[in-house]
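# Remarks on the overall topology
Take a look at the letters that make up each chain.
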Amino acid sequence: MLRLFATLCALILLSPMASASALYDELLAAKIKLLGTSRPDPGMGLWAQQTNERLLSIIEGKWVDLGYSDLTSEDSMKKYCLKYGESFKKLTDSFEIIAPIVPRAKQAIHKEYIFKTGMSYNYRWNIQQQMEVLGTLGGNGKQILRNANGTSALLMMTPNTLLEVDFDLGMPFIWGRCPAE
């Protein structure tokens, strides 16, 4: 009985410390994942440069927008990647996304992401390619011009997942890397 009482007291007294430790671990992991350090004030300039370099060092490959992807099985994911995977290609200090040629497209459409600062990238579509592929009827040309340029925040969540928040659309996209062919 005394042993049970001592055990219960220990659990009650130590449980806040366990919670505090778990909270600390969670906050530390989040800071390291986002800022790359546990130190205070990592400095915007250095952090921004390192963030861009990390992203560009692993960006190349074929990716899909997971919001539209068929992830009901691994086979369906692979088929979706083969058909709709977009090529991410590193340029000098930026990168571009090249959309695949799908049945209604006559050619691939290019979208270039240019490093701005921190996690921010300006992007620009190749307008001529978009108009040739999508046409200009029914106000489509005005819509293409309206969305020709924009800004997104990009964050590598893992080496195979990229979070993009498009400031103009006000919505997140999550990109997933396709398996190597």
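Report follows, based on the coordinates. Given the structure is predicted, the values throughout are model-derived calculations rather than measurements. (Residues numbered from 1 in each chain as written. Predicted model: local features only at pLDDT ≥ 70, side-chain atom pairs only at ≥ 80, totals over all residues. Heavy atoms only, no water.)

### With respect to the overall build of the chain
Across its full length, the chain carries 5 helices and 8 strands. Put simply, the chain has 181 residues, and 29% of those count as buried. Considering only contacts in the chain between residues 6 or more positions apart, those separated by 24 or more positions represent 45%. On the chain, roughly 11800 Å² of surface is accessible, and the fraction owed to carbon and sulfur atoms is 62%. (Helix = DSSP H or I, 4+ residues; strand = E, 2+ residues; numbered from the N terminus. Buried < 20%, exposed > 50% of the residue type's maximum accessible area, 1.4 Å probe, protein only. Contact = heavy atoms within 4.5 Å. Areas by Shrake-Rupley, 256 points an atom, 1.4 Å probe, with all protein chains shown as cover.)

### Let's talk about the nonpolar core
Counting residues in each nonpolar core, the largest one holds 15 residues, and the members touching the most others are Leu55, Phe88, Phe95 and Leu162. Breaking this core down by element, the ones donating at least two residues are α2 (44-58), β3 (94-98), β5 (120-125), β6 (149-158) and β8 (171-177). When near neighbours in sequence (up to four residues on either side) are disregarded, Leu55 contacts Phe95, Tyr121, Leu154, Met156 and Leu162. (Core = buried A, V, L, I, M, F, W, Y, C linked by side-chain atoms within 4.5 Å.)

### A look at the state of the cysteines
For the structure shown, the criterion picks out 1 disulfide. Disulfide pairing is shown between Cys81 and Cys178; the S-S distance is 2.2 Å. Linking Cys81 and Cys178, the disulfide has an S-S dihedral of approximately -90° and is accordingly described as left-handed. Note that Cys81 is positioned in helix α3 (residues 74-84) and Cys178 in the segment after β8, a separation of 97 residues in sequence. Judged by its relative accessible area of 8%, Cys178 falls in the buried class. (Disulfide = S-S within 2.5 Å.)

### Quick notes on α3
Within the span of α3, buried status applies to Ser76, Tyr80 and Cys81. What you see down the axis of α3 is that its buried residues fit within an arc of 140°, all on one side. α3 presents Glu74, Asp75, Lys79 and Leu82 as exposed residues on the side facing more than 90 degrees away from its buried surface. (Arc of directions from axis to C-beta.)

### Describing the sheet that holds strand β1 (residues 61-65)
The 8 strands are arranged β1-β2-β3-β4-β5-β6-β7-β8 in a closed barrel whose pairing can be described as antiparallel. When the angles between neighbouring strand axes are averaged without regard to direction, this sheet yields 35°. One ladder, built from 3 bridges, connects β1 with strand β2 (residues 86-90); its direction is antiparallel. In the strand pairing of β2, Trp63 is matched with Glu86. Across the sheet, α3 is in contact with β1 and β2; its angle to β1 comes to roughly 105°. (Pairing = 2+ DSSP bridges. Axes fitted to C-alpha atoms, helices over the stretch in contact; angles between N-to-C directions.)

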